[in-house]
Amino acid sequence: MTLSSRDFPTDQHGWSELLPTRQQRQSIQGRVRARWVVIGAGLTGLACSRRLAELHPNDEILLLDARLVGQGASGRNSGFAVGVSHFPGIFKAHEKVNFARVNRINQAGLSILDQQINILAIDCQWDTSGFHHGAADIASVKEQKYFMDYLNAMEIEHSSLDQQAMQSRFGTTLYKAGVHVRPGALVQPATLVRGLADGLPRNVRLIENCPVLKVQSGNTIKLQLANGEITADNLVMATNYEAPKLGFLRRRLLGSTLSGSFTRILTAYELASLGSHKSWGIISLHGGGATLRLTQDGRICLRNTAEYSGAALLSPLELKSRQTMHRSSFEKRFPQLAHVPFEYAWSGVEGMSGNGMNFFGQQAKNIYLAGGYNGSGVSRGTAFGQTLADYASGGQSGLITDCLSSDRATWLPPRPFLDIGAMLKISARFRGVGLDR
Ligand SMILES: Cc1cc2nc3c(=O)[nH]c(=O)nc-3n(C[C@H](O)[C@H](O)[C@H](O)COP(=O)(O)OP(=O)(O)OC[C@H]3O[C@@H](n4cnc5c(N)ncnc54)[C@H](O)[C@@H]3O)c2cc1C
């Protein structure tokens, strides 16, 4: 089946709308030959293209995206660049090696981002002082203990906070406890990806609004575009949850749709009611709990829904109904700000496998793919993208071994069983969430 441009819809999502309107710069037509093509200009594709350009300075790297940079998940996430993953449940000492492997990948991604943001002077609210994990209800208070056991056993820099400390930092009495973890960063995601895209090396040619409608693999790789065709020697798929549209990982990868809202910019008086920290991020210790940010420009950003809707963005009507959930979560935390309206609501789709495993490696002859990071793709996608370029170029490194060592993603049944299973799995995320939502 050949796709059409209509298979790659987009909409407004706040983080991009806070920036100047983005213009497409280049286009492509007719028959083109390329040594390297990367599909997807999110964090994975950007990191991969940059690295390919360094490794192959005499080749042009074609980077194609169906949308404008910043419209994919990389520009519409909550902006937590994870350094230390949270593995829920009782700490399993026999998993230490695996936990350390995942955290090495996260931290490699963090340091690549840190370096690029500094070199390219990207003004994206990048804050490397870590972020918080919060616990409001019984289940997550219990989870905090497990999390602390893990942090202690892994010797990860952190500090625990009681209810009073959480209140004085964030101006809410909702959290009974919290943990601040140092390796980690916060960012304005759309500014970050735009900055990375605009600072790509000269031998990367970025074409936006250019969906790849069909991929033919085999001895020659052919990509069908709306107005042309590319014959490629090597292809990297950095298409996140949309890889199945092109026939890859059909039975392994799916999309979960999340949504959240932003307030308007708070006044100095309102900000003063939020405690001592000028900007911050709190991830819930419950998998279904709300993710919160106070951005450096003074908005509260809150995300607390996740659902299966066939890997589609929410319609305006659906988004409006989800906003009632954002609103109640916001007012529960900040009754003193109940008068503050939301200015933007947004949805986005994260790629996931049935068992939480990521994808990295070769899919077919000269075709490589990385993706499916659930809610941890900011740092991990960056690390996977850069490492995939090394791997596809025949390199060897500890990071390649780490990325290849992820367990295999579980098989997913065909529709309609897939829809039912995915719905059940995603809604199970909210079991016992209570006050954390
Ligand atoms: C609401 C939300 C909140 C999140 N919060 C966080 C967070 O706080 N921290 C975190 O680490 N992660 C978070 N995530 C997950 C994170 O955003 C993703 O894991 C990460 O951005 C994936 O990056 P990527 O480059 O692999 O994919 P994407 O950013 O989705 O990029 C894939 C690109 O491929 C393009 N594409 C797809 N198919 C084609 C085609 N056929 N032709 C051309 N182009 C194509 C798409 O247009 C897209 O731009 C969140 C996700 C969502 C949706």
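In short, a report on the structure. Each chain carries its own residue numbering, running from 1 in the written order of its sequence. Where local features are concerned, this predicted model is filtered to residues with pLDDT of at least 70; where side-chain atom pairs are given and counted, the filter is 80 or more; whole-chain, interface and lining totals use all residues.

**Here we look at the overall build of the protein chain**
Here is the rule we go by: Note on conventions: DSSP H or I runs of at least 4 residues are helices, E runs of at least 2 residues are strands, and numbering of each starts at the N terminus. Taken over C-alpha atoms, the radius of gyration is set against a globule rule of 2.2 Å times the number of residues to the power 0.38. What counts as a contact is two residues whose backbone-derived C-beta atoms lie within 7 Å of each other.
Tallying secondary structure elements over the protein chain gives 10 helices and 18 strands in all. Computed over the C-alpha atoms, the radius of gyration of the protein chain is 21 Å, within 12% of the 22 Å expected from 2.2 N^0.38 for a compact globule of 437 residues. The long-range share in the protein chain, meaning contacts at least 24 apart out of those at least 6 apart in sequence, stands at 80%.

**A short note on the site of the ligand**
Our working rule: Any residue whose backbone-placed C-beta atom lies within 6 Å of a molecule or strand is treated as near that molecule or strand. Three categories are distinguished: nonpolar for Ala, Val, Leu, Ile, Met, Phe, Trp, Tyr, Cys and Pro, charged for Asp, Glu, Lys and Arg, and polar for the others, with Gly belonging to the last.
Residues in close proximity to the ligand total 41 residues, the closest being Gly40, Gly42, Gly72, Gly348 and Gly377. Its residues placed into classes, the shell around the ligand shows 17 nonpolar, 17 polar and seven charged.

**A short note on the pairing of strand S1 (residues 30–39)**
This is how it is decided: One bridge is not enough; two strands pair if DSSP finds at least two bridges between them. With strands facing away from the observer, any crossover in which the path from the first strand over the helix to the second runs clockwise is taken as right-handed.
One ladder, built from nine bridges, connects S1 with strand S11 (residues 228–237); its direction is parallel. Pairing of Ile39 across the sheet is with Met237, part of S11. As paired elements, S1 and strand S2 (residues 61–64) share four bridges and run parallel to each other. Among the inter-strand pairings, Trp36 is bridged to a residue of S2, identified as Ile61. Between S1 and its parallel partner S2, the chain crosses via helix H1 (residues 43–55), and the hand of that crossover is right-handed.

**Focus on the nonpolar core**
Put simply, the test is: In these notes, a nonpolar core means any group of buried Ala, Val, Leu, Ile, Met, Phe, Trp, Tyr and Cys residues linked to one another through C-beta atoms within 7 Å. Partly exposed residues are those falling between the two cut-offs: more than 12 but fewer than 20 other C-beta atoms within 10 Å of their own, whereas 20 or more means buried and 12 or fewer means exposed, with C-beta atoms placed from the backbone.
Judged by nonpolar contacts, the single largest core of 116 residues is most densely connected at Val37, Val38, Val236, Met237 and Leu388. In this structure Leu388 touches Cys48, Val236, Phe360, Tyr368 and Ala370, once residues within four positions along its chain are discounted.

**A few points about the environment of Leu3**
For Leu3, the position within the fold is in the segment before S1. On a C-alpha basis, the gap between Leu3 and Gln23 in space is 24 Å, while along the polypeptide they are 20 residues apart. What Leu3 contacts, discounting residues up to four positions off in sequence, is Pro211, Leu213, Lys214 and Lys245.

**Observations concerning H1**
To be explicit about the condition: Expected span, for any helix, means 1.5 Å times one less than how many residues it has.
The end-to-end C-alpha distance of H1, which contains 13 residues, comes to 18 Å, matching closely the 18 Å that a straight helix rising 1.5 Å per residue would cover. Burial of H1 is extensive: 11 of the 13 residues sit out of reach of the surface. When we look at burial in H1, the residues that qualify are Leu43, Thr44, Gly45, Leu46, Ala47, Cys48, Ser49, Arg50, Arg51, Leu52 and Ala53.

**What to know about helix H7 (residues 316–333)**
For H7, built from 18 residues, the straight-helix expectation of 26 Å at 1.5 Å per residue is met to within 8% by its first-to-last C-alpha distance of 25 Å. Among all positions in H7, only Arg322, His326, Ser329, Phe330 and Arg333 are buried. Looking at the buried side of H7, the elements it contacts are strand S12 (254–263), strand S15 (300–307) and strand S16 (342–352).

**Focus: the packing of helix H2 (residues 96–119) against helix H8 (residues 377–392)**
Spelled out, the test is: For helices, the axis comes from a line fit to the C-alpha atoms of the stretch in contact; other axes are also lines fit to C-alpha atoms, and the angle between any two N-to-C directions lies between 0 and 180 degrees. These descriptions rest on fixed angle ranges, namely under 35 degrees for roughly parallel, over 145 for roughly antiparallel, 65 to 115 for roughly perpendicular, and the rest for oblique.
With their axes 7 Å apart at the nearest point, H2 and H8 run at an angle of 85 degrees to one another. Of the possible angle classes, the one that applies to H2 and H8 is roughly perpendicular. Judged by residue contacts, Ile105, Asn106, Ala108, Gly109, Leu110, Ile112 and Leu113 of H2 engage Ser379, Arg380, Thr382, Ala383 and Gln386 from H8. Per-class residue counts for the contact of H2 with H8 are six nonpolar, five polar and one charged.

**Points about the sheet that holds strand S14 (residues 291–294)**
Strand order across the open sheet formed by eight strands is S5-S6-S4-S13-S14-S15-S12-S16, with mixed pairing between neighbours. This sheet does not close on itself; its edge strands, each paired only once, are strand S5 (158–162) and S16. Within this sheet the neighbouring strands show an average axis-to-axis angle of 20 degrees, counted without direction. Sheet topology note: the S12/S15 ladder contains six bridges and is antiparallel. Residue pairing across strands places Phe262 opposite Cys301, the latter belonging to S15. Of the strands in this sheet, strand S4 (131–135), S5, strand S6 (177–181) and strand S13 (280–284) are in contact with helix H4 (residues 163–170), which crosses S5 at around 95 degrees. Packing of H7 onto the sheet brings it into contact with S12, S15 and S16, and relative to S15 it is tilted by some 125 degrees.

**Looking at the packing of H1 against H8**
Think of two packed helices as two axes; the pair is described by the angle between the axes and how far apart they sit. Definition in use: For any pair of crossing helices, the crossing counts as left-handed if the nearer helix is rotated counterclockwise from the farther one by less than a right angle, and right-handed if it is rotated clockwise.
It is at 7 Å that the axes of H1 and H8 come closest, and there the two elements cross at 30 degrees. The angle between H1 and H8 falls in the class roughly parallel. Crossing handedness for the pair H1 and H8: right-handed. Note on element contacts: H8 touches H1 through Gly377, Val378, Gly381, Thr382, Phe384, Gly385, Gln386, Leu388, Ala389 and Asp390, opposite Leu43, Thr44, Gly45, Leu46, Ala47, Cys48, Arg51, Leu52 and Leu55. Its residues assigned to classes, the contact of H1 with H8 comprises 10 nonpolar, seven polar and two charged.

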